[in-house]
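Below, each chain spelled out in residue letters.
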Amino acid sequence: MNPVKPGQRVMTELLKSITSMANIRHPIVDVHTHVYLPRYAAELRARTSAPRILNWTNGVKTEERLLILDGEPSGGRPIGPQYWDRDEKLEFMRRHGINISFVSSANPWLDFLPADRAQTLAHELNNNLEEYCATSPPAEGFSGLKTLYGFGLLPLVPNVEVSTIIQTIEHLKSLPHIRGIIMGTKGIGKGLDDNALDPVWDAIQAARLVVFIHPHYGVDSTAFGENDNGHVLPLALGFPFETTIAVTRLILSGVLDRFPDLRLLLAHSGGALPQLSSRLASCIQHDPIVANRLKHDARYYLGQLYFDAVAYGSEELTFVSRTISRASAFKNGGGTVDAPVGSARLLFGTDHPFFPPLEASQKWPSVESNLAAIKSMAGLDSKPEHQANILGLNALRLFDLHDQVYT
């Protein structure tokens with residue numbers, strides 16, 4: 001028998017290692033999935049104006065409907081157990097092969113409440129969400145992880161004391177299954193670029209909590225005209241444009257310069273921000289009021305953000321990834337395009353329980369579209385390792401859970 005040469009032994013071990021890595025099962029992680037906890041649903045049922053849950057009758061059929069804004073098309077949308085029942089959430093995950101979900105309270109959060117009630121309800125709902133997640137089953141095939149984790153709430157309403165918000169952040173830090181905060185675009189009444197929020201950003205950054213920025217109000221509905229187009233224009237355009245404006249204001253205010261370690265995750269792939277980022281940079285460059293305000297070109301800051309992959313198309317996701325990957329080239333002092341960075345900042349999401357199929361279906365077309373879009377991205381993003389990142393590994397890294405899976 002011929003002895004194995006050292007070089008052959010090294011190559012054999014390397015091939016074994018590569019084969020082993022190829023056989024590793026990577027998780028699918030959903031970072032954009034909502035819940036109306038029973039306590040929150042009860043709060044909405046007790047109201048007589050939007051936002052509210054009301055009984056709606058169509059002929060002989062009576063059902064509950066969710067009305068989140070006055071004048072909403074179709075008298076709101078049908079609402080049922082899928083909005084609050086954890087078993088329904090887990091069954092949805094099983095049906096689509098999702099291993100872990102980061103669940104957030106859905107809009108409008110606490111925006112409509114007075115400060116004292118918002119503070120009390122935030123504390124109660126955060127505790128409820130911790131229990132909802134902590135008692136969820138283990139993530140199958142991923143030892144040490146739960147199926148569910150959560151984004152908590154802050155009492156972000158007018159007239160609230162900033163110290164109260166910071167106390168809530170401290171409370172969230174004590175809840176092990178709450179890994180972030182969901183936040184609308186209003187702040188405490190003046191938007192996310194309000195300087196009064198600086199102590200809040202500082203506390204969130206220190207706590208390493210992920211902030212999920214999500215729209216609710218859209219844009220001026222008169223722009224949508226008088227034709228009945230259902231929810232299409234508010235959801236397809238109003239929501240993404242709201243996010244685009246809010247995050248652009250955040251960039252212009254210098255928040256990302258003052259708090260460079262903030263972890264901000266943008267809903268709906270950042271709206272129109274990637275598409276308009278060069279136009280934004282040019283407008284800044286030519287405006288004497290803001291030309292010298294920021295430390296970097298505006299396009300640099302896209303590389304500091306995270307984006308969910310709720311875009312439904314591979315071309316759109318590929319564009320977002322490439323826009324992110326060039327961000328470092330716009331760093332003050334110079335930089336280079338870093339292609340892998342793009343896919344490292346994209347994270348899979350479903351927007352459950354919204355966008356259900358119009359007819360009974362085993363799988364939701366909206367979810368299947370997002371999965372197919374990720375798997376059909378072009379160029380570097382077509383590689384299996386990059387798809388595994390977008391589908392789940394990026395989320396585990398962002399939420400500091402990666403080491404619990406791959407140790």
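The structure under discussion appears in the preceding block.
Report follows, based on the coordinates. (Residues numbered from 1 in each chain as written. Predicted model: local features only at pLDDT ≥ 70, side-chain atom pairs only at ≥ 80, totals over all residues. Heavy atoms only, no water.)

### Re the sheet that holds strand 5 (residues 100–105)
Stage number 1. Reading across from one edge, 1-5-6-7-8-9-10-11 is the order of the 8 strands in this open sheet, with parallel pairing throughout. The open sheet has two free edges, formed respectively by strand 1 (29–35) and strand 11 (346–347), since each of these has just one partner strand.
Stage number 2. Pairing between strand 5 and strand 6 (residues 148–152): 4 bridges, direction parallel. Its bridge partner being in strand 6, phenylalanine 102 is matched across the sheet by tyrosine 149.
Stage number 3. Against the sheet, helix 3 (residues 86–96) touches strand 1, strand 5 and strand 6, its axis set at about 120 degrees to strand 6.
Stage number 4. Strands in contact with helix 6 (residues 198–207) are strand 7 (178–183), strand 8 (210–213) and strand 9 (263–266); relative to strand 7, the strand with the most contacts, it is inclined by about 155 degrees. (Pairing = 2+ DSSP bridges. Helix = DSSP H or I, 4+ residues; strand = E, 2+ residues; numbered from the N terminus. Contact = heavy atoms within 4.5 Å. Axes fitted to C-alpha atoms, helices over the stretch in contact; angles between N-to-C directions.)

### Some points on the side chain of arginine 77
Stage number 1. Tracing the backbone through its elements, the reader meets arginine 77 in strand 4 (residues 77–78).
Stage number 2. Note on arginine 77: relative accessible area 14%, which makes it buried.
Stage number 3. In this structure, arginine 77 is in contact with Glu64, Arg65, Leu66, Ile68, Glu72, Tyr83, His231, Leu235 and Phe354, ignoring residues within four places of it in sequence. (Buried < 20%, exposed > 50% of the residue type's maximum accessible area, 1.4 Å probe, protein only.)

### Examining the environment of glycine 141
Stage number 1. Counting through the fold element by element, glycine 141 comes out in the loop between helix 4 (115–134) and strand 6.
Stage number 2. As a C-alpha pair, glycine 141 and leucine 237 span 96 residues in sequence and 39 Å in three-dimensional space.

### Observations regarding the pattern of salt bridges
Pairs may arise between side chains of opposite charge once their charged atoms sit close together.
Stage number 1. Counted under the stated rule, the structure contains 14 salt bridges.
Stage number 2. Between glutamate 124 and arginine 39 there is a salt bridge, and its shortest N-O distance comes to 3.6 Å. Of this pair, glutamate 124 sits in helix 4 while arginine 39 is found in helix 2 (residues 38–45), placing the two residues 85 residues apart along the sequence.
Stage number 3. Given a relative accessible area of 24%, glutamate 124 falls into the partly exposed group.
Stage number 4. According to the relative accessible area criterion, arginine 39 is partly exposed, its value standing at 36%.
Stage number 5. In this structure, arginine 94 and glutamate 91 form a salt bridge, with 2.6 Å as the shortest nitrogen-oxygen distance. (Salt bridge = Lys/Arg side-chain N within 4 Å of Asp/Glu carboxyl O.)

### Looking at the packing of helix 12 (residues 365–375) against helix 13 (residues 384–398)
Stage number 1. Across the interface, helix 12 lies against helix 13 with an axial gap of 9 Å and an inter-helix angle of 150 degrees. Comparing their axes, helix 13 and helix 12 come out roughly antiparallel. Judged by residue contacts, Leu371, Ile374 and Lys375 of helix 12 engage Gln387, Ile390 and Leu391 from helix 13.
Stage number 2. Tallied by class, residues from the contact of helix 12 with helix 13 come to 4 nonpolar, 1 polar and 1 charged. (Parallel < 35°, antiparallel > 145°, perpendicular 65-115°, else oblique. Nonpolar A, V, L, I, M, F, W, Y, C, P; charged D, E, K, R; others polar.)

### Focus on the sheet that holds strand 4
Stage number 1. Strand order in the open sheet formed by 3 strands is 2-3-4, with antiparallel pairing between adjacent strands. The strands lining the two open edges of the sheet, one partner per strand, are strand 2 (52–58) and strand 4.
Stage number 2. Bridge analysis of strand 3 (residues 61–67) against strand 4 gives 2 bridges, and the strand direction is antiparallel. Its bridge partner being in strand 4, leucine 66 is matched across the sheet by arginine 77.
Stage number 3. With respect to the sheet, helix 2 is in contact with strand 2 and strand 3, its orientation differing from that of strand 2 by roughly 65 degrees.

### Quick notes on the nonpolar core
Stage number 1. Formed by 113 residues in total, the largest nonpolar core has its most connected members in Leu154, Trp201 and Ile204.
Stage number 2. Contact partners of leucine 154, with chain neighbours within four places excluded, come to Leu110, Ile165, Thr168, Ile169, Leu172, Ile181, Met183, Val200 and Ile204. (Core = buried A, V, L, I, M, F, W, Y, C linked by side-chain atoms within 4.5 Å.)

### As for helix 9 (residues 273–285)
Every α-helix carries 3.6 residues per turn, so stepping three or four residues along brings you back to the same face.
Stage number 1. A rise of 1.5 Å per residue sets the reference length of helix 9, with its 13 residues, at 18 Å; its end C-alpha atoms lie 17 Å apart and thus fit the reference within 8%.
Stage number 2. Along helix 9, the helix axis deviates most sharply at arginine 279, where the bend reaches about 30 degrees.
Stage number 3. If you check which residues of helix 9 are buried, you get Leu273, Pro274, Ser277, Leu280, Ala281 and Ile284.
Stage number 4. Considering only its buried residues, helix 9 is in contact with helix 7 (232–252), strand 9, strand 10 (305–308) and helix 10 (314–325). (Expected span 1.5 Å × (residues − 1). Bend = angle between axes of the 7 residues up to and from the residue.)

### Considerations on the packing of aromatic side chains
Stage number 1. Per the counting criterion, the structure on display carries 11 aromatic pairs.
Stage number 2. Between the aromatic rings of phenylalanine 102 and tyrosine 149, the centroid separation amounts to 5.5 Å while the plane-to-plane angle is 25 degrees, which identifies the pairing as stacked. Within this pair, whereas phenylalanine 102 is found in strand 5, its partner tyrosine 149 is found in strand 6, the two being separated by 47 residues in sequence.
Stage number 3. The buried category is assigned to tyrosine 149, whose relative accessible area is 4%.
Stage number 4. Over the aromatic face of tryptophan 56 sits the side chain of arginine 65, whose NZ or CZ is 3.7 Å from the ring centroid.
Stage number 5. Cation over ring: arginine 345 sits above tyrosine 306, and NZ or CZ is 4.2 Å from the ring centre. (Phe/Tyr/Trp six-rings, centres within 6.5 Å; stacked < 30°, edge-to-face > 60°. Lys NZ or Arg CZ within 6 Å of the ring centre and 35° of its normal.)

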